[in-house]
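# Remarks on the overall topology
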Amino acid sequence: MSLFWIVIRQLAEIEAMAMSKKVITREEWEKKLNDVKIRKEDMNKLVMNFLVTEGYVEAAEKFRMESGTEPDIDLATITDRMAVKKAVQCGNVEDAIEKVNDLNPEILDTNPQLFFHLQQQRLIELIRNGKVEEALEFAQEELAPRGEENQSFLEELERTVALLAFEDVSNCPVGELLDMSQRLKTASEVNAAILTSQSHEKG
């Protein structure tokens, strides 16, 4: 049985216990954990996946050499992917879009939701920087047409544009869009899409 299914089975058992509100003792919990047998190869794959996903190039390379575990993608591509992620996290969305297109233009062409979220993040950055006129123009020209095609995009656009209605965004009901967590969410979505694309290229 693969590590994935073992973890899923354990999570299902935990959820069932939570639903039944059965309380287990620490000893019972530790016994259940000790009963789970994980093959070393599966654990190595899990570690390699973490190192690759989070962008630890040197650690992934050393781990590959020491454990013999091959990553699902070419390690040389991690640096480019991390540059995209960092650009989004810093609010440089145009730069991130350009870098994604340099890596693989099909990523944004085939994922309209990701492209919309990047454009939404670009709008958020314009609002954050007080560029109201530019933000309104960008929303109207770039995002409104996508909202007409997709109801969820329209709702997200309306929430984002609502930021403009408040002078004090700390009292704004959608003020969380300006939080760092929004940048991280978008960066994570881009990172996942690039990883998926790169693993398909290698496979």
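About the criteria used
- Residues numbered from 1 in each chain as written.
- Predicted model: local features only at pLDDT ≥ 70, side-chain atom pairs only at ≥ 80, totals over all residues.
- Heavy atoms only, no water.
- Patch = residues over 30% accessible without salt bridge, like charges linked within 9 Å, V, L, I, M, F, W, Y side chains within 5 Å.
- Areas by Shrake-Rupley, 256 points an atom, 1.4 Å probe, with all protein chains shown as cover.
- Salt bridge = Lys/Arg side-chain N within 4 Å of Asp/Glu carboxyl O.
- Helix = DSSP H or I, 4+ residues; strand = E, 2+ residues; numbered from the N terminus.
- Buried < 20%, exposed > 50% of the residue type's maximum accessible area, 1.4 Å probe, protein only.
- Phe/Tyr/Trp six-rings, centres within 6.5 Å; stacked < 30°, edge-to-face > 60°.
- Axes fitted to C-alpha atoms, helices over the stretch in contact; angles between N-to-C directions.
- Parallel < 35°, antiparallel > 145°, perpendicular 65-115°, else oblique.
- Left-handed = near helix turned anticlockwise from the far one by under 90°.
- Contact = heavy atoms within 4.5 Å.
- Nonpolar A, V, L, I, M, F, W, Y, C, P; charged D, E, K, R; others polar.
- UniProt positions renumbered as here; feature names shortened; annotations may be inferred.

### Observations regarding a nonpolar patch on the surface
Nonpolar side chains collect at one region of the surface, where Ile38, Met43, Leu46 and Val47 lie side by side and expose about 300 Å² of accessible area between them. With respect to the helices and strands, valine 47 occurs in helix 3 (residues 40–54). Judged by relative accessible area, valine 47 falls into the partly exposed class, the value being 31%.

### Topic: the packing of aromatic side chains
Counted under the stated rule, the structure contains two aromatic pairs. Ring geometry for phenylalanine 50 against tyrosine 56: centres 6.0 Å apart, planes inclined by 35 degrees, an arrangement best described as tilted. Taking the relative accessible area as the measure of exposure, phenylalanine 50 reaches 49% and is therefore partly exposed. Exposure remark for tyrosine 56: the relative accessible area of 43% places this residue in the partly exposed category. For the ring pair phenylalanine 116 and phenylalanine 153, a centre distance of 4.3 Å and an interplane angle of 0 degrees mean the geometry is stacked.

### As for the packing of helix 5 (residues 78–89) against helix 6 (residues 93–103)
Closest axis-to-axis distance for the helix 5/helix 6 pair is 8 Å, and the angle between their directions is 160 degrees. Considering the angle they form, helix 5 stands roughly antiparallel to helix 6. As helix 5 runs across helix 6, the sense of the crossing is left-handed. Packed against helix 5, whose contacting residues are Asp80, Arg81, Ala83, Val84, Ala87 and Val88, the element helix 6 presents Val93, Asp95, Ala96, Lys99, Val100 and Leu103 at the interface. Within the contact of helix 5 with helix 6, the residues separate by chemical class into eight nonpolar, no polar and four charged.

### Let's talk about the UniProt feature "domain: CTLH" (unreviewed entry) in the chain
Annotation from UniProt places "domain: CTLH" (unreviewed entry) at residues 77–134. For residues 77–134, the helix share is 81%, the strand share is 0%, and the end-to-end C-alpha distance is 34 Å.

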